[in-house]
Amino acid sequence: MSRLHRDRTPPEVIRRLKARSSSSAAPSGYQLIKHPTGHSQLVGYARVSTRDQNLGAQLDALQRAGCCRVYAEKCSSVGLRAGWAALLGDIRKGDTVVVVRLDRVGRKLGEVVNSLDVLSAEGVFVRCLAQDIDTRSSSGRQLIGLFAWLAETERELLRERTCAGLEAARKRGRTLGRPSVLDRAKIDLCVMLRAKQHSLRRIAEATGLGEGTVRKALELAAQVDDVESGRQLQLE
């Protein structure tokens, strides 16, 4: 559990999410389904990734679980989820968020852990129907702690593989990063236009480069001039 607490989502992120969902310009694109006979502290969340998929099975399961309100939406887990943001603005300490499967909360394990951590920081419990997880129980909290450890391990492995791949590429002499759009002709053109007192913006428009790239071209040209000047002094 210590790893879970250490990776806890910063409080300012939680406040920002809740403020965004409770503002007058609340996000749309989700459906709020109310069940008057449900338990007031059980709030459901249902999601499918595409418009062609059906929410029916999840909605039925959440109603059977006794949810009084269900936030349902059709969207990817990437980016802002209007229904999830609205749910964060609605839940209160002591509530339980109910989902059919944990992958409805996030696509990747790290996303799931971060979302569960936001709820935990708000004093909200989580119940997953398919995996039989309930953070009200000690076993449920331990399992979430295990997920947090797995997510951290996954990040470490990815970092190690990335570093190993970069090092192997360097040893093979490969140039890393995006290929440069600058060549000697473009650098000389930038220098010539700058010498005629053109602004960086005008040079960028004339060469089709970005202003930052133009600035880099001028810096490279200046470095070359310094090196050549140094060589001339040595020869003299």
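Higher on the page you've got the structure.
Report on the accompanying structure. Only a predicted model underlies this, so the values are computations on that prediction, with no experimental measurement involved.

1. A closer look at the overall build of the protein chain
Part 1: Per the secondary structure count, the protein chain includes nine helices and six strands.
Part 2: Split into buried and exposed, the 236 residues of the protein chain put 36% on the buried side.
Part 3: Excluding contacts between residues fewer than 6 apart, the proportion of contacts in the protein chain whose partners are at least 24 apart in sequence is 70%.
Part 4: Counting only carbon and sulfur atoms, one obtains 51% of the accessible surface of the protein chain, whose full area is about 14,700 Å².

2. What about the packing of aromatic side chains?
Part 1: Applying the stated criterion across every chain, the model contains two aromatic pairs.
Part 2: Aromatic pair Y30 and Y71: ring centres 5.9 Å apart, planes at 45°, arrangement tilted. Here the residue Y30 occupies a position in strand β1 (residues 30-34), and Y71 occupies one in strand β3 (residues 67-74), the gap between them amounting to 41 residues.
Part 3: Classification of Y30 as partly exposed rests on a relative accessible area of 29%.
Part 4: Summarising the aromatic geometry, the rings of Y45 and W84 are spaced 5.0 Å apart at their centres and angled 70° between planes, so their arrangement reads as edge-to-face. Here Y45 is found in strand β2 (residues 39-48), whereas its partner W84 is found in helix α4 (residues 82-90), with 39 residues between them in sequence.
Part 5: By relative accessible area, which is 7% here, W84 ends up buried.

3. Concerning the pairing of β2
Part 1: Across the 10 residues of β2, seven count as buried, placing the element largely inside the fold.
Part 2: Bridge analysis of β2 against β3 gives seven bridges, and the strand direction is parallel. Directly across from V43, in β3, lies its bridge partner R69.

Definitions and limits used
- Counting from 1, residues in each chain are numbered in the order their sequence is written.
- pLDDT decides what is reported in this predicted model: residues at 70 or higher carry local features, side-chain atom pairs at 80 or more are listed and counted, and totals for whole chains, interfaces and linings draw on all residues regardless.
- Side-chain descriptors were evaluated using all non-hydrogen atoms of the structure, hydrogens and water having been removed beforehand.
- Only DSSP runs of H or I with at least four residues qualify as helices, and only runs of E with at least two residues qualify as strands; both kinds are numbered from the N terminus onward.
- For every residue, the accessible area (1.4 Å probe, protein chains only) is compared with the maximum for its type, and the residue is labelled buried under 20%, exposed over 50%, or partly exposed between those bounds.
- Contacts are assigned to residue pairs that have any heavy atoms within 4.5 Å of one another.
- With residues, only the protein chains shown are counted as cover, and all accessible areas are computed by Shrake-Rupley using a 1.4 Å probe.
- Side-chain rings of Phe, Tyr and Trp, where Trp is taken by its six-membered ring, are said to pair if the distance between their centres is within 6.5 Å; with planes under 30 degrees apart they count as stacked, over 60 as edge-to-face, and otherwise as tilted.
- Pairing between strands is defined by DSSP: at least two bridges between the two strands are required.

Taken by themselves, the reported measurements are silent on function.
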